[in-house]
Amino acid sequence: MSPHAPPEHDTDWSRRPVGEVIDHIVDRYHAALRAQLDEVARFVEGIRLTDLVRRPALVAPLLDKLQILGEELTQHMVKEERLAFRMIRAAGGFVGVPLAVMEHEHRLAHELLGDLRVLTGDWTPPAGASSALCGLYELMVAVERDLVEHSAIEDELFARARADSHRKVANG
Ligand SMILES: [Fe+2]
Ligand SMILES: [Fe+2]
């Protein structure tokens, strides 16, 4: 999966079967995000050698926040694939607590991306930035755009799974 896969707007995933939505999330968004995070790590290696020395006040917190974001998103995807999505596919029992954790982590990721936007002036490279820093900023715009789509599809999926779960409990 390319880290620059195009956005899509033509499918209403809220009307598709949950198993199909989960397959789409994993194949499209998790695969792309893992490729994007690998590419971020490659840019960071270059940035450590150049921009970090030239403008530490910007780049040091930038790299710290990117590391936190990368670790959180990587763990979040594993939790979704090993726990949340499996529970939804199994279509039984109470899914509320794990899904609430996933939704909370979506909000944390968006907050972190908001902090990064403030820090970087909406991903505007400073004058004299290296090609690695410029490449990172361009990539992060794509990462953020994908994450907005990705988490919106998941939030709808989780709301649907929660409603299904409540209905099953109510019907015995
Ligand atoms: Fe996800
Ligand atoms: Fe998620």
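Here's what I pulled together on the structure shown here. (Residues numbered from 1 in each chain as written. Chains lettered and ligands numbered in written order. Predicted model: local features only at pLDDT ≥ 70, side-chain atom pairs only at ≥ 80, totals over all residues.)

1. A few points about the overall build of the chain
How we decide: Numbered from the N terminus, helices here are DSSP runs of H or I no shorter than four residues, and strands are runs of E no shorter than two. Counting other C-beta atoms within 10 Å of a residue's own tells you its class, since 20 or more makes it buried, 12 or fewer makes it exposed, and anything in between is partly exposed; those C-beta atoms are placed from the backbone. We call two residues in contact whenever the C-beta atoms placed from their backbones are within 7 Å.
For the chain, the count of helices and strands is five helices and zero strands. Overall, the chain shows an N-to-C arrangement of helices and strands of α-α-α-α-α. Once the C-alpha set of the chain is aligned to its principal axes, its extents read approximately 65 × 30 × 25 Å. Residues classed as buried in the chain amount to 23% of the 172 residues present. Across the chain, every contact between residues at least 6 apart in sequence was considered, and the portion connecting residues at least 24 apart equals 78%.

2. With respect to helix α4 (residues 96–119)
What counts is decided by this rule: The length a helix should cover is 1.5 Å for every residue beyond the first.
In this model α4 runs 35 Å from its N-terminal to its C-terminal C-alpha over 24 residues, within 8% of the 34 Å that 1.5 Å per residue would give. Three or more residues of α4 are buried, namely Leu99, Met102 and Leu116. Of the surrounding elements, those touching the buried residues of α4 are α3 (56–90) and α5 (131–171). Once α4 finishes, Gly121 follows within two positions and takes phi at roughly 60°, a positive value.

3. Some thoughts on the packing of α3 against α4
When two helices pack together, you describe them by how their axes are tilted relative to each other and by the distance separating the axes. Let me state the cut-off plainly: Inter-axis angles, ranging from 0 to 180 degrees, are taken between N-to-C directions of lines fitted to C-alpha atoms, where helices are fitted over the stretch in contact. In what follows, roughly perpendicular refers to angles from 65 to 115 degrees, roughly parallel to angles under 35, roughly antiparallel to angles over 145, and oblique to any angle outside these ranges. Helix crossings fall into two classes, left-handed where the near helix is turned counterclockwise from the far one by less than a right angle and right-handed where it is turned clockwise. In the scheme used here, Gly and all other residues not listed as nonpolar or charged are polar, with Ala, Val, Leu, Ile, Met, Phe, Trp, Tyr, Cys and Pro taken as nonpolar and Asp, Glu, Lys and Arg as charged.
Axis separation between α3 and α4 bottoms out at 10 Å; the angle between their running directions is 160°. Considering their axes alone, α3 and α4 lie roughly antiparallel with respect to each other. Read as a crossing pair, α3 and α4 show a hand that is left-handed. Its residues assigned to classes, the contact of α3 with α4 comprises 16 nonpolar, one polar and six charged.

4. Concerning the environment of Ala32
Tracing the chain through its elements places Ala32 in helix α1 (residues 18–49). Judged by local crowding, Ala32 falls into the partly exposed class, with 19 C-beta atoms found within 10 Å. Between the C-alpha atom of Ala32 and that of Ala127, which follows or precedes it by 95 residues, the distance is 30 Å.

5. Some details on the environment of Trp13
Relative to the elements of secondary structure, Trp13 occurs in the segment before α1. Accessibility expressed as a C-beta count within 10 Å gives 18 for Trp13, which makes it partly exposed. If we ignore the near neighbours within four places in the chain, the residues touching Trp13 are Val21, His24, Ile153 and Glu156.

6. Remarks on the packing of α4 against α5
Running from N to C, α4 and α5 point in directions that differ by 160°, and their axes come no closer than 10 Å. Of the possible angle classes, the one that applies to α4 and α5 is roughly antiparallel. In the packing of α4 onto α5, the handedness of the crossing is left-handed. For the pair α4 and α5, contact is made by Gly96, Leu99, Met102, Glu103, His106, Ala109 and Leu113 and by Glu144, Leu147, Ser151, Glu154, Asp155, Phe158, Ala161, Arg162 and Ser165, respectively. Grouping the amino acids of the contact of α4 with α5 by side-chain chemistry returns seven nonpolar, four polar and five charged.

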